[in-house]
Amino acid sequence: AQRVTQPEKLLSVFKGAPVELKCNYSYSGSPELFWYVQYSRQRLQLLLRHISRESIKGFTADLNKGETSFHLKKPFAQEEDSAMYYCALTSGGSNYKLTFGKGTLLTVNP
Amino acid sequence: GAGVSQSPSNKVTEKGKDVELRCDPISGHTALYWYRQRLGQGLEFLIYFQGNSAPDKSGLPSDRFSAERTGESVSTLTIQRTQQEDSAVYLCASSLRLAGVEQYFGPGTRLTVT
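These numbers were taken from a predicted model, which means no experiment stands behind them.

Visitor: Would you explain the state of the cysteines in this entry?
Guide: Disulfides are covalent bonds that link the sulfur atoms of two cysteine residues. Tallied over the full model, the rule gives two disulfides over all chains. Linked covalently through their sulfurs, cysteine 23 of chain A and cysteine 87 of chain A form a disulfide whose S-S length is 2.0 Å. Torsion about the S-S bond of the cysteine 23 of chain A and cysteine 87 of chain A cystine: about -65 degrees, corresponding to left-handed handedness. One end of the pair, cysteine 23 of chain A, is in the loop between strand 3 (19–21) and strand 4 (24–26); the other, cysteine 87 of chain A, is in strand 9 (residues 83–90), and 64 residues separate them in sequence. You can call cysteine 23 of chain A buried: its relative accessible area is 0%. Relative accessible area serves as the criterion here: at 0%, cysteine 87 of chain A is assigned to the buried category. At a sulfur-sulfur separation of 1.9 Å, the disulfide partner of cysteine 23 of chain B is cysteine 92 of chain B.

As structure tokens, this is what we get:
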């Protein structure tokens, strides 16, 4: 069975500080990993995916198959980064259903 | 263009009643997903549609839950004889089958069973 674990329910940092949101997964095959974000009063939206290897809004995430992790990082947090962040994986194939972690609420303080 | 829409945005119902939740996906999106998010939990997959058919219903928690889709458009999720544990936010998402795996989410329906 596939599983996504986000160990921190809450994370609070100051503006300008580095931030890392942790995500670990368990899956026997080769999963595709994603980070979704939900800002206050907005709908859930894709932030980034590991296959794109891109940086979105200053965030990056590297898939570490040895540690089965996909941590989300940003070197200098901004107040507008405050949101709920969900790590998710899919097994791919023809389905693409997502398995989500429980989410981490990031608060960036001024 | 218009995103995924869901209705109603909020629904309060009495235990034992049936409810119908509606999802309008983005036009042209052939894949449609239903998820549920209970308080303090992550999103749980319920069911997936490809066109009219539902090749994966593995997440439906009981036979009180059912869903259908008309053409490659509107989907309804029906919960019969609602129970208090059905209280959750029900999210719908759609995606293009051939254009990658990004799912576009609707705003959700918050269901409260009293």
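Visitor: Would you take a moment to explain the layout of surface pockets for this structure?
Guide: Volume-wise, the largest pocket comes out at about 620 Å³. Elements with a contribution of two residues or more to the lining of the largest pocket: strand 9 of chain A together with strand 9 (88–95) and strand 11 (109–113) of chain B. Per-element accounting of the lining of the largest pocket gives the leading share, four residues, to strand 11 of chain B. For the lining of the largest pocket, the per-class residue count stands at eleven nonpolar, twelve polar and four charged. By volume, the second largest pocket is sized at about 250 Å³. In terms of lining, the second largest pocket is formed by 17 residues, of which the most central are Arg3, Val4, Thr99, Phe100 and Gly101 of chain A. When contributions to the lining of the second largest pocket are tallied by element, the ones reaching two or more residues are strand 1 (3–5) and strand 10 (99–100) of chain A together with strand 5 (43–50) of chain B. Residues that form the lining of the second largest pocket fall into these classes: six nonpolar, seven polar and four charged.

Visitor: Just to check I follow, could you spell out the pattern of salt bridges for this structure?
Guide: Side-chain pairing between opposite charges can occur once the charged atoms of the two side chains come close. Applying the stated criterion to the full structure yields nine salt bridges over all chains. As a salt-bridge pair, arginine 49 of chain A and glutamate 102 of chain B come within 3.3 Å of each other at their nearest N and O atoms. A residue pair is termed interchain when its members come from two chains, as with arginine 49 of chain A in strand 6 (residues 45–49) and glutamate 102 of chain B in the loop between strand 9 and strand 10 (104–105). A relative accessible area of 17% places arginine 49 of chain A in the buried class. Residues arginine 38 of chain B and glutamate 44 of chain B are paired through a salt bridge, measuring 3.3 Å at the closest nitrogen-oxygen approach. Each of Glu20, Lys22 and Lys73 of chain A takes part in one network of salt bridges that share partners.

Visitor: Is there a simple way to think about the sheet that holds strand 8 (residues 72–74) of chain A in this case?
Guide: All names here are of chain A. Read from one edge of the open sheet, three strands run 3-8-7, paired in antiparallel fashion. The sheet terminates laterally at strand 3 and strand 7 (60–61), the two strands that pair on one side only. Relative to strand 8, strand 7 is paired through two bridges, and the arrangement is antiparallel. Across the sheet, the residue bridging to threonine 60 is lysine 73, located in strand 8.

Visitor: Would you take a moment to explain the packing of aromatic side chains for this structure?
Guide: Aromatic rings considered in pairs are described by the distance between their centres and by the relative angle of their planes. As enumerated under the stated definition, the model contains eleven aromatic pairs over all chains in all. Ring centres of tyrosine 36 of chain A and phenylalanine 105 of chain B lie 5.6 Å apart, and the angle between their planes is 80 degrees; this geometry places the pair in the edge-to-face category. Linking tyrosine 36 of chain A in strand 5 (residues 32–38) with phenylalanine 105 of chain B in strand 10, this pair reaches from one chain into another. One exposure class covers both tyrosine 36 of chain A and phenylalanine 105 of chain B, and it is buried. Residues tyrosine 33 of chain B and tyrosine 35 of chain B carry aromatic rings whose centres are separated by 6.2 Å and whose planes lie at 20 degrees to one another, so their mutual orientation is stacked. The class for tyrosine 35 of chain B is buried, based on a relative accessible area of 0%. Three or more aromatic residues link up through ring pairs in this structure, and these residues are Phe34, Tyr36, Tyr86 and Phe100 of chain A together with Tyr33, Tyr35, Phe45, Tyr48 and Phe105 of chain B.

Rules used throughout
- Residues numbered from 1 in each chain as written.
- Chains lettered and ligands numbered in written order.
- Predicted model: local features only at pLDDT ≥ 70, side-chain atom pairs only at ≥ 80, totals over all residues.
- Heavy atoms only, no water.
- Disulfide = S-S within 2.5 Å.
- Helix = DSSP H or I, 4+ residues; strand = E, 2+ residues; numbered from the N terminus.
- Buried < 20%, exposed > 50% of the residue type's maximum accessible area, 1.4 Å probe, protein only.
- 1 Å grid on protein atoms, 1.4 Å probe; cavity = no way out; pocket = protein on both sides within 12 Å on 5 of 7 lines; lining within 4 Å.
- Points joined across faces, edges and corners; volume = space filled by probe spheres on them.
- Nonpolar A, V, L, I, M, F, W, Y, C, P; charged D, E, K, R; others polar.
- Salt bridge = Lys/Arg side-chain N within 4 Å of Asp/Glu carboxyl O.
- Pairing = 2+ DSSP bridges.
- Phe/Tyr/Trp six-rings, centres within 6.5 Å; stacked < 30°, edge-to-face > 60°.

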